[in-house]
Amino acid sequence: MIRRPQQSASVTAAPPTPALLSTAAGECVGITDGRDGHSLFGKGLQPALAAIDAENQAATKIPGYVTVALLGPLTDGPNSLSGGRAVHQVEGAFIAQHRANQGNAYPKIRLVLANTGSEQKDWRTVTDRLKAMTSTKDRLVAVTGMGLSRQETIDAARALAKASIPMIGDLITAAGLDTTGTIDKGPKITGLVRVAPTVNTQLAAISWHLKNRPDLKTAALVSAPFTPNNTPDLYTQSLEKAFYDQATGLRPYLDRGDVYFNFDVRNGADRTSLNTISKNLCGRVTPDLVFYAGRATYLPTFLENLHQRQCRTTPISVVTGSDAATLDRKIPALNDPDAPISVLYVPLADPTQLSSKNNPDRALYKAFADEFGRPDRISTHDPKVVQLGTTGD
C-alpha cells in the first residue's frame, strides 16, 4: 500500500507497516494483528487489541495456524455511521478466537483487524490486501464482520467472493445483502452468510407489537437513502421498502398518514431539513408514529427537533431498525414528560434481555461477558426506548 501524503495533526504516529495508512482525516486504516501498536484504531480498542496481540503471538508459535480477519469500520470519523459498535465487535471476536485456541484445538487462529475507515471509503485497498493474504504465510481462510449495509460493503463482499474467501456478516440486516446478491440486482455473492435477521423480520415483529396499541393509527415516513459518500445506504433503503411492504403489516399506518419526507446527509447531517420535517409533523395530520428509515447517528438530532416542535405535548413514537441500539437513552428529548417521545426498534442481541432471568441460556451469556474481564452491565428498563428482541446496522 502507498501511504497518503496528507496527514492530520491528530495522528500521533505514522503507521509502522505497509499494511496500514493514514488518511487525510487522521484515521489509521488497513490491517493489523496487534504487533504494530495497540492504539492505532483509537483508545477504545486498545485493551482488546492488546489481548489479540498476545493471543496471536501464542497462536503463531504453533505450526499450521490460520488467519481470520474482522473487516469493517473500526474507527470513528466526523460522519461516522459506526456508532461506537467497534469495541463490542472486536471484544466478541477476541473471545471467539481465545475459545477456539484453547487446549489442543487445531489449527490455531490468528485474528487480524481490517479497518476500512469510519465511512468505509478504503474498502478496496483493504480487500486487495486481504486477497493477497490467502497465498502468503498469513494463510487467510475467512473474513467476518464485513461492515454496515451500504454499497461499500456489497462491493467489498463481491471482491472477496471472486477470490473465493468465505465471509460471515455480523451487522448487515438489509434484505438481499446475502449470497443471493439481490440487494442491487447484481451477481451472487458466493460465500457470504450472515447471522442477523433482516429489517423485514424486525419490522414484522414491531407490527405484531403495534396490534396491541389501537391508539396508534397513523404514521409519517422519514428517510435518508444515501450515505455521506454519495453511495446508496442499503440499510436505510431496505428499511424504507420494508415499511411499505404489505408483508410486514406496517403499510396501513403510512396510508392513513400520507406524510413522507427525505433528508440528505451527503453534505453532513442536514439539521435544517430535520428541523423543517419535525415542524411539518404538526399540521393537518399529526401522526402518532414516525417510521424512521435513517441512521441512528442522526436520530438524536431528529428526536431533539421533535422535542421542540409546536405540538410537542402530543405523544409520538419513532419506529426504526436495529441501528437504534446505539442510541443514548439519557438524551433530554426522551426524558421530558411534557413532550412524550418514545423509540421502538428490534435489537439483535440486547444485553438486558440476554442477562435476564427469563433467558434460558443466561449462564452462557454471563460466561461470554465475563471472559473478557468486563462487568456484566445490566441496564434498567426504559419505557421510552422499547426494545423487542444486538445491535445491527
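Report follows, based on the coordinates. As the structure is a computational prediction, the values presented were derived from the model and not from experiment. Counting restarts for each chain, with residues numbered from 1 along the sequence as it is written. Note on the predicted model: pLDDT of at least 70 is required for a residue's local features to be given, and 80 or more for side-chain atom pairs to be given and counted; whole-chain, interface and lining totals, by contrast, use all residues. With hydrogens and water set aside, each side-chain value is computed from the structure's full complement of heavy atoms.

Considering helix α4 (residues 151-162)
Our working rule: A run of H or I in DSSP becomes a helix once it reaches four residues, and a run of E becomes a strand once it reaches two; helices and strands are each numbered from the N terminus. Multiplying 1.5 Å by the residue count of a helix minus one yields the expected span of that helix. Only protein chains enter the area calculation, which uses a 1.4 Å probe; residues under 20% of their type maximum are buried, those over 50% are exposed, and those in between are partly exposed. Should any heavy atoms of two residues lie within 4.5 Å, those residues are considered in contact.
The terminal C-alpha atoms of α4, which comprises 12 residues, lie 17 Å apart, in line with the 16 Å expected from a rise of 1.5 Å per residue. Burial within α4 is extensive, with 10 of its 12 residues counted as buried. What α4 keeps buried is the set Q151, E152, T153, I154, A156, A157, R158, A159, L160 and A161. Packing partners of the buried residues in α4 comprise β3 (66-72), α3 (123-132), β5 (140-145), β6 (167-169), β7 (192-194) and α6 (234-244).

Here's the deal with the sheet that holds strand β2 (residues 28-32)
For clarity, the cut-off: By the convention used here, strands pair only if DSSP detects at least 2 bridges between them. Note on definitions: angles span 0 to 180 degrees between N-to-C directions of axes, and those axes are lines fitted to C-alpha atoms, for helices only across the stretch in contact.
Spatially, seven strands are ordered β1-β2-β4-β3-β5-β6-β7 in an open sheet, and the strand pairing comes out mixed. Edge positions in the sheet fall to β1 (20-22) and β7, since each has one partner strand and no second. Pairwise comparison of adjacent strand axes, ignoring direction, gives a mean angle of 20° for this sheet. Pairing analysis gives three bridges linking β6 to β7, with the strands arranged parallel.

A few points about helix α2 (residues 86-100)
Look at α2: 21 Å from first C-alpha to last across 15 residues, which is about the 21 Å you get at 1.5 Å a residue. Every buried residue belonging to α2 is among A86, Q89, V90, E91, G92, A93, F94, I95 and Q97, and all of these are buried.

Considerations on the pairing of strand β10 (residues 289-293)
Just so we agree on the cut-off: A clockwise path from the first strand over the helix to the second, with the strands pointing away from the viewer, defines a right-handed crossover.
Extensive coverage of β10 is indicated by the burial of five of its five residues. Burial along β10 is two-sided: the face carrying L289, F291 and A293 and the face carrying V290 and Y292 are both buried. With five bridges connecting them, strand β8 (residues 219-223) and β10 associate as parallel partners. Residue pairing for β10: A220 is matched across the bridge by V290. With helix α9 (residues 299-308) bridging β10 and its parallel neighbour strand β11 (residues 316-319), the resulting β-α-β unit is right-handed.

Some points on the state of the cysteines
What we call a disulfide is simply a covalent bond connecting the sulfur atoms of a pair of cysteines. So the rule is basically this: Here, a disulfide means two cysteine sulfur atoms that sit within 2.5 Å of each other.
Summed over the entire model, instances satisfying the criterion amount to one disulfide. For C282, the disulfide goes to C311, at an S-S distance of 1.9 Å. Negative torsions about the S-S bond denote left-handed disulfides, and the value of about -80° found for C282 with C311 makes this one left-handed. With C282 in the loop between α8 (271-280) and β10 and C311 in the loop between α9 and β11, this residue pair connects regions lying 29 residues apart in the sequence. What makes C311 buried here is its relative accessible area of 13%.

What about unusual backbone geometry?
Each neighbour pair has its own omega, and for Y106 with P107 the value is 0°, a cis peptide bond. Inspection of the secondary structure assignment puts P107 in the loop between α2 and β4 (109-115). A positive phi angle is found at S164, which is not glycine, with a value near 60°. Secondary-structure assignment places S164 in the loop between α4 and β6. One non-glycine residue, D258, lies in the positive phi region at around 55°. For D258, the position within the fold is in the loop between α7 (251-257) and β9 (259-262). By relative accessible area, which is 48% here, D258 ends up partly exposed.

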